Amino acid sequence: MDQCLLFLLLLLMGKNGLCQHEEVCWKSVINSCDDCIRSGPYCMWCQQLNFTKAGEQEAVRCDTWAQLITRGCKNEEIISPKNNLTIVKKDPLSESFNQQEPVQLSPQKINLRLRPGLPTTFSVSFKRVEGYPVDLYYLMDLSYSMKDDLQNVKGLGQQLFAALKKFTVHAQIGFGAFVDKTVLPYTNTNKEKLQKPCDEKDQQCQAAFGYRHVLSMTSKEDEFKNKVTEQFISGNLDSPEGSLDAMMQAAVCGEKIGWRNSSTRLIVLTTDAGFHMAGDGKLAGILEPNDERCFLENNLYTKSTEMDYPSVGQLAMQLEKNNIQPIFAVTQNVSAVYQKLSDMIPKSEVGILSGDSTNVVGLIESAYNRLSSKVTVTHDNLPDNVRVVYTPRCDHAQPAGDSEGVCDNVRVGQEISFDVTVTAYSCMEETSFSIRPLGIKDTLTVTLSTNCECQCEDPQNRSHPHCKGKGRVHCGICSCSEGSIGQFCECSIGNKDERTLRASCQRQNGTECEGRGDCECGRCKCHTTESGSSYHGEFCECDDEHCERFQNKLCGGKGKCNCGRCECNAGYEGSACQCKVSTDGCQTPNNTVCYGRGICKCNRCECIEGYQHTRCKTCLGCPDPCQTKLNCIECLGFESGPFTKNCSAACRNISHEMVDQFAIQSKRCHQRDADGCWIKFNLEQLFGEDNYRAEILNQRDCPEPPSVTAIIVGSIVSVAFIGILLLMLIKLLIYMKDLKEFRKFENEKKKSKWANADNPLFQNATTTVTNPTFTGE
């Protein structure tokens with residue numbers, strides 16, 4: 001039995017199970033037929049008169065076809081817009097190419113008018129035309145490492161044309177070359193090196209360049225051979241090259257390259273190095289982003305040194321826009337890099353190039369076969385809220401997908417098809433998008449609009465009896481004339497205006513009658529619910545079906561629902577009456593309920609804020625009671641502190657006892673009182689939020705008062721001592737200054753030099769008198 005149930009479950013869950021998808025109408029606010037149509041793809045409207053019963057809202061007219069038939073609506077009275085598909089243009093598929101514009105995709109134009117959410121499917125056919133033209137642009141890396149490859153490419157013209165003529169007689173080949181931007185750090189900017197960037201021994205070397213278009217599309221082998229023969233190798237500094245720059249110009253310069261309107265366009269990129277991409281230009285100070293425009297003058301890319309490399313996304317978009325399919329013919333060392341690049345560019349292939357490019361023709365041939373035999377159909381410019389799913393109908397079909405449909409191994413002349421399923425998920429104005437095979441010019445233009453309105457066949461009578469002669473019928477419901485309101489226009493508004501009457505049916509300027517009734521003459525007439533009960537309340541705000549459930553039963557089956565709240569039977573409680581009335585789980589060891597700090601609900605304590613479950617015993621977030629009760633302890637134990645005068649009133653929730661030793665082991669406190677004494681006491685929280693029992697030690701620890709005499713004497717001695725020190729310091733400074741001046745004087749004295757001549761102003765203190773007559777005898 002269990003295995004059978006499991007099997008049925010898997011079928012229900014499986015994507016392709018036997019059970020069909022059930023049509024459901026998810027109704028929201030329905031006031032008209034148009035609202036119903038917008039609610040979902042399976043919502044339909046019954047326009048039958050007298051379909052609604054007394055008290056029913058008009059929204060019951062909106063439901064699935066099966067539900068409306070069950071309720072008694074006639075099939076011809078059911079309104080449901082359908083999808084409409086019109087093929088505007090459908091030219092037949094061409095058999096072969098005959099110099100005219102071939103048709104490979106049919107149809108070419110389709111108009112869709114869709115109902116939101118309801119998908120529609122149409123078929124698109126495709127056939128590869130035999131002999132369809134091919135344009136091949138050979139884009140070659142001419143950096144110095146490709147020197148040997150260039151010599152081989154110069155003789156490839158005949159082989160390339162021969163390979164392409166296997167597929168079509170209308171083949172053309174062009175040629176272009178690239179190296180890298182001619183700025184540092186990509187290329188040596190020395191004047192001589194710019195003119196000859198190759199090895200000094202190599203005489204045949206052309207000046208450095210970014211990208212050069214050499215030969216436009218031609219069907220002449222000799223012209224291709226002559227132009228390629230004129231090319232010489234060049235060079236640069238770093239390993240990555242300007243491949244993306246060259247491909248971008250080859251894609252957007254269509255007229256100069258010579259791409260034909262009706263052709264398979266191929267770019268064959270041959271290189272042995274990686275590539276620069278958007279952002280690398282910053283290394284050279286190039287900040288302007290690539291603008292995806294053509295800048296070829298005299299066949300040379302002129303914005304190479306001014307504009308950054310394109311991003312991979314930009315290149316992929318332009319290649320897809322211009323129906324160009326790239327083939328990356330690269331050497332083994334960079335094949336992994338270009339394979340990742342190919343993964344990001346639709347309709348591209350990677351081939352491994354030999355060291356001297358001798359296998360390039362076979363590589364192009366095999367890559368072309370892979371590209372042309374793989375048909376990928378996708379879309380452009382898809383509008384918002386529109387989904388397109390492609391289902392291939394061919395021998396080698398890939399799975400259906402939202403972004404594309406793919407058929408592999410499609411032969412020339414083989415007709416294949418794709419089922420295209422389009423779904424619009426919202427109402428929208430007329431818009432369009434394109435469906436096309438990648439790499440092919442043919443497109444299918446889909447013009448899309450939505451059908452969100454009811455097309456009801458209403459009676460022309462503006463005073464219909466169904467509306468009491470005061471209105472007309474629109475899609476089965478009354479549209480009242482001015483001066484009348486109500487479901488059947490039965491209420492005349494009299495002296496009051498309609499806005500005032502309707503405002504009285506609105507609660508706090510909200511929805512009229514909460515969307516659950518009709519405003520009749522200023523009062524709400526409530527509708528019945530889907531189960532048959534009625535909405536109630538002044539504004540029809542109440543119902544008895546949306547209360548909380550427990551064990552999938554309304555109000556747990558132990559109460560009744562009244563206006564969204566459960567009214568429990570005796571002996572039960574809880575928001576959904578899910579609990580028996582009991583306090584066993586809330587009892588505490590002291591035989592209280594939640595310690596008086598919470599209430600017991602559903603046999604579990606709901607604590608006051610801050611107190612912890614499960615019994616509300618402790619409060620981790622509350623202030624420290626040692627500090628908050630200190631003033632009461634002072635006045636109760638020692639008749640001091642700020643509560644001395646009203647201690648009994650302020651501290652009535654604390655019972656205390658003076659002790660010599662503590663007897664209770666609870667909250668132990670050690671605090672300093674207003675007198676500076678240390679008080680030791682214990683606090684025990686009793687029943688309730690702010691009830692305490694206190695044990696206070698009889699003795700306070702009060703420090704001895706300081707000696708006033710000692711303080712005064714010490715102060716005087718300190719002042720005197722400091723004064724003496726200051727005087728000695730001043731005396732020392734004066735002495736040091738005098739000593740410095742004396743030494744200066746001594747030094748100047750030693751430096752002075754005195755003259756030896758007598759001072760003419762000097763007079764000796766003694767006088768000598770000589771006798772003139774004394775002869776000495």
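Quick caveat: nothing in here was measured; it's all calculated off a predicted structure.

Asks: Where do I start with the packing of aromatic side chains in this structure?
Replies: What characterises a pair of aromatic rings is the spacing of the ring centres plus the angle enclosed by the ring planes. Evaluation of the coordinates by the stated rule reveals seven aromatic pairs. Seen in terms of ring centroids, Y138 and F175 are 5.9 Å apart; in terms of plane orientation they differ by 10°. Their pairing is stacked. Taken together, the positions of Y138 in strand β8 (residues 134-141) and F175 in strand β9 (residues 171-178) put the pair 37 residues apart, joining distant regions of the chain. By relative accessible area, which is 0% here, Y138 ends up buried. A centroid spacing of 6.2 Å and a plane angle of 80° characterise the contact between F175 and F224, whose relative ring orientation is edge-to-face. With F175 in strand β9 and F224 in helix α7 (residues 221-229), the pair connects residues that are 49 residues apart, well separated along the chain. Look at F175 and you get buried, because its relative accessible area is 0%. Among the aromatic residues, ring-to-ring pairing joins Y138, F175 and F224 into one connected group. One cation-aromatic arrangement involves K181 over Y309; the distance from NZ or CZ to the ring centre is 4.5 Å.

Asks: Looking at this model, I keep getting lost on helix α5 (residues 157-164). Mind explaining?
Replies: An α-helix turns once every 3.6 residues. As a result, residues three or four positions apart point the same way. Among the residues of α5, those classed as buried are G157, L160, F161, A163 and L164. Taken around the axis of α5, the buried residues stretch over an arc of 160°, which confines them to a single face. Looking at the buried residues of α5, the elements they touch are β8, α4 (147-153), β9, β10 (211-218), α7 and α12 (360-373).

Asks: Quick question: what am I supposed to make of the sheet that holds strand β16 (residues 375-380) here?
Replies: For sheets, the rule is that strands pair by backbone hydrogen bonds, running either parallel or antiparallel. Spatially, β4-β6-β21-β20-β16-β18 is the arrangement adopted by the six strands of the open sheet, whose pairing is mixed. Of all strands in the sheet, those with a lone pairing partner are β4 (84-89) and β18 (404-407), marking the two edges. Recorded for the sheet is a direction-independent mean angle of 20° between the axes of neighbouring strands. With five bridges joining them, strand β20 (residues 431-437) and strand β21 (residues 444-450) adopt antiparallel strand pairing. Within β21, the position partnered with S434 by the bridge is T445.

Asks: Would you mind going over the state of the cysteines with me for this structure?
Replies: One covalent bond between the sulfur atoms of two cysteine residues makes up a disulfide. Under the definition given, this model contains 26 disulfides. One disulfide in the model links C33 with C454; its S-S distance is 1.8 Å. For the disulfide bridge between C33 and C454, the dihedral angle about the S-S bond is near -85°, and by the sign convention the bridge is left-handed. Here the residue C33 occupies a position in helix α2 (residues 33-39), and C454 occupies one in the loop between β21 and β22 (471-474), the gap between them amounting to 421 residues. Under the relative-accessibility criterion, C33 is labelled buried at 4%. C454 sits in the buried class, given a relative accessible area of 10%. The disulfide that involves C253 links it to C294, with 1.9 Å between the sulfurs. Its S-S torsion of about 110° marks the bond between C253 and C294 as right-handed, since a negative value means left-handed. Note that C253 is positioned in the loop between α8 (243-252) and α9 (254-257) and C294 in the loop between β11 (264-271) and β12 (296-297), a separation of 41 residues in sequence.

The rules behind these values
- Residues numbered from 1 in each chain as written.
- Predicted model: local features only at pLDDT ≥ 70, side-chain atom pairs only at ≥ 80, totals over all residues.
- Heavy atoms only, no water.
- Phe/Tyr/Trp six-rings, centres within 6.5 Å; stacked < 30°, edge-to-face > 60°.
- Helix = DSSP H or I, 4+ residues; strand = E, 2+ residues; numbered from the N terminus.
- Buried < 20%, exposed > 50% of the residue type's maximum accessible area, 1.4 Å probe, protein only.
- Lys NZ or Arg CZ within 6 Å of the ring centre and 35° of its normal.
- Arc of directions from axis to C-beta.
- Contact = heavy atoms within 4.5 Å.
- Pairing = 2+ DSSP bridges.
- Axes fitted to C-alpha atoms, helices over the stretch in contact; angles between N-to-C directions.
- Disulfide = S-S within 2.5 Å.

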